[in-house]
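What the coordinates show
One-letter residues, chain by chain:
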Amino acid sequence: MSVRTPDPHPGWLNEDDLYEARRRLPMVYVEAIPVRVDSLGYVSEIGSLYVADDDGRFYRTFVSGRVLYRETIRAALMRHLEKDLGPLALPQLPPAISPFTVAEYFPSPSETGLTDDRQHAVSLCYLVPVTGECQPRQDALELTWFTPDEALSPEIQNEFVGGRELLVRQALAHVGWGR
């Protein structure tokens with residue numbers, strides 16, 4: 001039984017074509033770490049999705065997904081934010097969007113520290129303030145908000161898989177947390 005969110009664009013690639021593409025090409029993704037900010041724009045909370053895989057293992061992750069052919073990065077971010085956080089999350093993308101990092105995932109351990117068993121992927125990673133009510137996607141058990149200190153705690157860092165805990169640290173460093 002699959003717990004994945006149904007693809008709203010099923011005509012893009014069928015499962016067999018996607019498998020073959022993943023074996024031969026790096027896939028382009030966007031990842032968004034939802035944040036709440038205070039009145040001065042400082043990050044006060046970081047959101048993470050708590051999910052279970054097909055084997056019943058639980059872990060933390062972020063909003064993420066592929067960029068479709070002929071889709072802008074902005075459109076891909078908004079599509080995945082709405083799909084993963086719900087239509088009332090009210091994400092606030094700035095007029096000029098720049099990723100805080102470009103992450104490289106490999107199917108086996110590498111120097112990047114990021115892994116994805118399925119593929120070689122390049123992911124543009126963003127911090128995205130959300131102001132509305134978030135309802136996690138159907139394959140997420142919950143969306144949990146952490147203070148930056150909580151998100152950096154060893155207990156929470158150990159709940160991320162594939163090296164995504166590195167992205168939490170990079171994101172917080174990007175906004176000057178812990179100076």
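Residues numbered from 1 in each chain as written. Predicted model: local features only at pLDDT ≥ 70, side-chain atom pairs only at ≥ 80, totals over all residues. Heavy atoms only, no water.

Regarding its fold elements, the protein presents five helices and seven strands. Ordered by position from N to C terminus, the α and β elements of the protein give α-β-β-β-β-α-β-β-β-α-α-α. C-alpha atoms of the protein, sized along the principal axes, occupy 45 × 30 × 30 Å. Expressed as a percentage of its 179 residues, the buried residues of the protein come to 42%. Looking at the protein alone, contacts between residues at least 24 apart form 66% of all its contacts between residues at least 6 apart. Within the protein, one finds 17 positive and 26 negative side-chain charges whose respective centroids are separated by 5 Å. (Helix = DSSP H or I, 4+ residues; strand = E, 2+ residues; numbered from the N terminus. Buried < 20%, exposed > 50% of the residue type's maximum accessible area, 1.4 Å probe, protein only. Contact = heavy atoms within 4.5 Å. Lys, Arg positive; Asp, Glu negative; His and termini not counted. Charge placed at Lys NZ, Arg CZ, Asp CG, Glu CD.)

Locating glutamate 31 in the fold gives a position in strand S1 (residues 27-37). For glutamate 31, a relative accessible area of 3% translates into the label buried. A distance of 3.3 Å separates a polar atom in the side chain of glutamate 31 from a polar atom in the side chain of arginine 164. Discounting chain neighbours no more than four positions away, the residues touching glutamate 31 are Val63, Ser64, Leu77, Tyr105, Ser123, Leu124, Cys125, Tyr126, Arg164 and Leu167. (Polar contact = N/O pair within 3.5 Å; in protein donor to acceptor, adjacent residues only side chain to side chain.)

Time to look at the packing of aromatic side chains. Enumeration over the complete set of coordinates arrives at two aromatic pairs. Ring geometry for tyrosine 50 against phenylalanine 58: centres 5.9 Å apart, planes inclined by 15 degrees, an arrangement best described as stacked. (Phe/Tyr/Trp six-rings, centres within 6.5 Å; stacked < 30°, edge-to-face > 60°.)

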